[in-house]
Amino acid sequence: MLTNRKFTIAYTAFEVPKVSSAPMYEDYFELSANPFRLTPDAAFYYPSSEHQRALSFLHYGVEQGDGFIVITGDVGAGKTTLVQMLLQELEDDTLVVGNIVSTQLKDGDVLELVAAELGFRVRENPNQAALLHGLQTAFTQLGKKGKRVLLIVDEAQNLTPHSLEALRMLSNFQLEGHALIQVFLIGQPEFREMLLAKDLEQLRQRVIASYHLKPLTLDETCLYIKHRLNHVGWDTQPGFRPDAYDAIFDATDGVPRRINTLCDRLMLFTFLEENDQITAEEATLVAEEIETEFQAGRPIRTPRHLLDQTDSEQNEAQGSPQLVLPLEKPAGLEPRDLQLRLETLEQAMDNLETDFTSAIDELKEGQSVIRLLLENKLAPTRKPKPRVKKRRRT
């Protein structure tokens, strides 16, 4: 039997690898865990020159105990892992740390979220003045006990100018000449442009250090991949040929999360093909497949009503003869190919943020198409039962 999380299909002609919630290649290559999981994890932290420099800026900020530290980087550059590493290394028991993610916060929400994250009770529907007063009182009490607050705000590019100004006002709180709170702002490159606005001049003057996290170099990409594999007990199987690292770097531009995505798919591909080496050709092939599936950030799929149509009929129905679908000519795909595509879509769904509802709907449609194709490939041919016309009673 071929078993999936949501469906079961009987087959007799051939075997297809079993799909489970964990990557199928882990046991095959005798790995203790998924080496390329997308969830940030300080245990997999790779100390590249860029990440170490950014981490030094964060430690410098902690030692100063005042003002704002700004760290920016592209999506997937490793900013969240960097923060996790900092918190893991901190040995200062005088720090009370709050870590918030500012995804689409309203103007009045940031102070309430800060209070909740730090464990302070908030009255229902408080105004900003009341929140500021309450936080100042709470921070002062902590200061009298020899403690201070370190607030880390992730996804800072989503903050409004009003919210940033509210955070600046928190930085005014002092006790006997010592700041009661310090703020680290972690965001994407556009956050640096936001800070150049005229109405944020006062905030800019409070920034004591700023750093932009750049992607990995080619050599670091190679070492990064080996570092993650070694962390889960890799014994060089599968092997990566030297030109494979070049191809991976070219396809990902050295961005850690993109490296993880591509290498995870490569490991799955190598497992399904029963290979023991990863080549540049395979890395390029898988990278192109990923790019095709998620052009413009949306998976391209064959609509269900087009599955049984010819190529010309599909082009006519869609009004775009140049459109190339990833499931073009589905009748020619092998079950193993379909299984790989199905696993790819399911992993992509698991890794999407919960607020990407429209993208998830697209993925679900694509998933349904792949399942239907796979079922048609595996299910034995059955003749449809003849319909029996019922006679009308007179």
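Heads up: these notes are all about the structure in this document. (Residues numbered from 1 in each chain as written. Predicted model: local features only at pLDDT ≥ 70, side-chain atom pairs only at ≥ 80, totals over all residues. Heavy atoms only, no water.)

### Examining the overall build of the chain
Okay, step 1: When you go through the chain residue by residue, the secondary structure sums to 15 helices and 11 strands.
Okay, step 2: Here the contacts in the chain between residues at least 6 apart in sequence split such that 74% fall between residues at least 24 apart.
Okay, step 3: Summed over all atoms, the accessible surface of the chain reaches about 21,800 Å², with 48% contributed by carbon and sulfur. (Helix = DSSP H or I, 4+ residues; strand = E, 2+ residues; numbered from the N terminus. Contact = heavy atoms within 4.5 Å. Areas by Shrake-Rupley, 256 points an atom, 1.4 Å probe, with all protein chains shown as cover.)

### A short note on the side chain of Glu282
Okay, step 1: On the secondary structure map, Glu282 appears in helix 12 (residues 280-293).
Okay, step 2: Although Glu282 is buried, it forms no salt bridge, and the closest oppositely charged side chain is Arg241 at an N-O distance of 7.5 Å.
Okay, step 3: A distance of 3.1 Å separates polar atoms of two side chains, one belonging to Glu282 and the other to Asn275.
Okay, step 4: Apart from residues lying up to four places away in sequence, Glu282 is in contact with Leu266, Phe269, Asn275 and Gln277. (Buried < 20%, exposed > 50% of the residue type's maximum accessible area, 1.4 Å probe, protein only. Lys, Arg positive; Asp, Glu negative; His and termini not counted. Salt bridge = Lys/Arg side-chain N within 4 Å of Asp/Glu carboxyl O. Polar contact = N/O pair within 3.5 Å; in protein donor to acceptor, adjacent residues only side chain to side chain.)

### Structural notes on the packing of helix 2 (residues 49-64) against helix 3 (residues 79-89)
Okay, step 1: As a packed pair, helix 2 and helix 3 sit with axes 10 Å apart at the nearest point and diverge in direction by 50 degrees. The angle between helix 2 and helix 3 falls in the class oblique. Every pair of crossing elements has a handedness; the one defined by helix 2 and helix 3 is right-handed. Residue-level inspection shows His51, Ala54, Leu55, Leu58, His59 and Val62 of helix 2 in contact with helix 3, the latter providing Leu82, Met85, Leu86 and Glu89.
Okay, step 2: Its residues placed into classes, the contact of helix 2 with helix 3 shows seven nonpolar, two polar and one charged. (Axes fitted to C-alpha atoms, helices over the stretch in contact; angles between N-to-C directions. Parallel < 35°, antiparallel > 145°, perpendicular 65-115°, else oblique. Left-handed = near helix turned anticlockwise from the far one by under 90°. Nonpolar A, V, L, I, M, F, W, Y, C, P; charged D, E, K, R; others polar.)

### A look at a negative patch on the surface
Okay, step 1: On the surface, a cluster of negative charge is made up of Asp243, Asp246, Asp250 and Glu281.
Okay, step 2: Examining the composition of the negative patch, we find that three residues originate from one element, helix 10 (residues 242-252), more than from any other.
Okay, step 3: Within the secondary structure layout, Asp246 lies in helix 10. (Patch = residues over 30% accessible without salt bridge, like charges linked within 9 Å, V, L, I, M, F, W, Y side chains within 5 Å. Charge placed at Lys NZ, Arg CZ, Asp CG, Glu CD.)

### Description of the packing of aromatic side chains
Okay, step 1: Summed over the entire model, instances satisfying the criterion amount to eight aromatic pairs.
Okay, step 2: Seen in terms of ring centroids, Tyr28 and Phe29 are 5.0 Å apart; in terms of plane orientation they differ by 80 degrees. Their pairing is edge-to-face.
Okay, step 3: For Tyr28, a relative accessible area of 41% translates into the label partly exposed.
Okay, step 4: The class of Phe29 is buried, set by a relative accessible area of 5%. (Phe/Tyr/Trp six-rings, centres within 6.5 Å; stacked < 30°, edge-to-face > 60°.)

### Structural notes on helix 4 (residues 109-117)
Okay, step 1: For helix 4, the complete set of buried residues consists of Val110, Leu111, Val114 and Ala115. For helix 4, the angular spread of buried residues about the axis comes to 135 degrees, placing them on one side.
Okay, step 2: Those residues of helix 4 hidden inside the fold are in contact with strand 4 (95-101), helix 5 (128-144), strand 5 (148-154) and helix 6 (161-170).
Okay, step 3: One or two steps after helix 4, the chain reaches Gly119, where phi turns positive at roughly 90 degrees. (Arc of directions from axis to C-beta.)

### Describing the environment of Thr80
Okay, step 1: One can find Thr80 in helix 3.
Okay, step 2: For the pair Thr80 and Asp41, spaced 39 residues apart in sequence, the C-alpha to C-alpha distance is 8.5 Å.
Okay, step 3: Not counting residues up to four positions away in its chain, the partners in contact with Thr80 are Pro40 and Asp154.
Okay, step 4: Within the local environment of Thr80, its side chain forms a polar contact with the side chain of Asp154, the two groups lying 3.0 Å apart.

### Notes on the sheet that holds strand 4
Okay, step 1: In space, the five strands of this open sheet follow the order 4-5-8-3-9, with parallel pairing throughout. Among the strands making up the open sheet, the edge pair consists of strand 4 and strand 9 (207-213). Direction aside, neighbouring strands of the sheet carry axes that sit 15 degrees apart on average.
Okay, step 2: Two strands pair when backbone bridges link them, and strand 5 and strand 8 (residues 181-187) are joined in this way by five bridges, in the parallel orientation. Bridge pairing links Val153 to Leu185 in strand 8.
Okay, step 3: The strands touched by helix 4 are strand 4 and strand 5; relative to strand 4, the strand with the most contacts, the crossing angle is about 130 degrees. (Pairing = 2+ DSSP bridges.)

### So, the nonpolar core
Okay, step 1: Core analysis: the largest hydrophobic core is formed by 34 residues, its most contacted members being Ile225, Phe240, Ile248 and Met267.
Okay, step 2: For this core, the element with the most residues is helix 11 (residues 256-273), which contributes nine residues.
Okay, step 3: In this view, Ile225 contacts Phe36, Phe240, Tyr245, Ile248, Ile259 and Cys263; residues no more than four positions away in its chain are not counted.
Okay, step 4: Core analysis: the next-biggest nonpolar cluster, separate from the first, contains 32 residues, Leu105, Leu164, Val183 and Leu185 among them. (Core = buried A, V, L, I, M, F, W, Y, C linked by side-chain atoms within 4.5 Å.)

### Quick look at helix 2
Okay, step 1: With 16 residues, helix 2 ought to run about 22 Å at 1.5 Å a step, and its terminal C-alpha atoms sit 23 Å apart, in line with that.
Okay, step 2: Residues of helix 2 that are buried: Glu50, His51, Ala54, Leu55, Leu58, Gly61 and Val62. Within helix 2, the buried residues cover an arc of 130 degrees as seen down the axis, which keeps them to one side.
Okay, step 3: Gly65 lies just past helix 2 and shows a positive phi near 65 degrees. (Expected span 1.5 Å × (residues − 1).)

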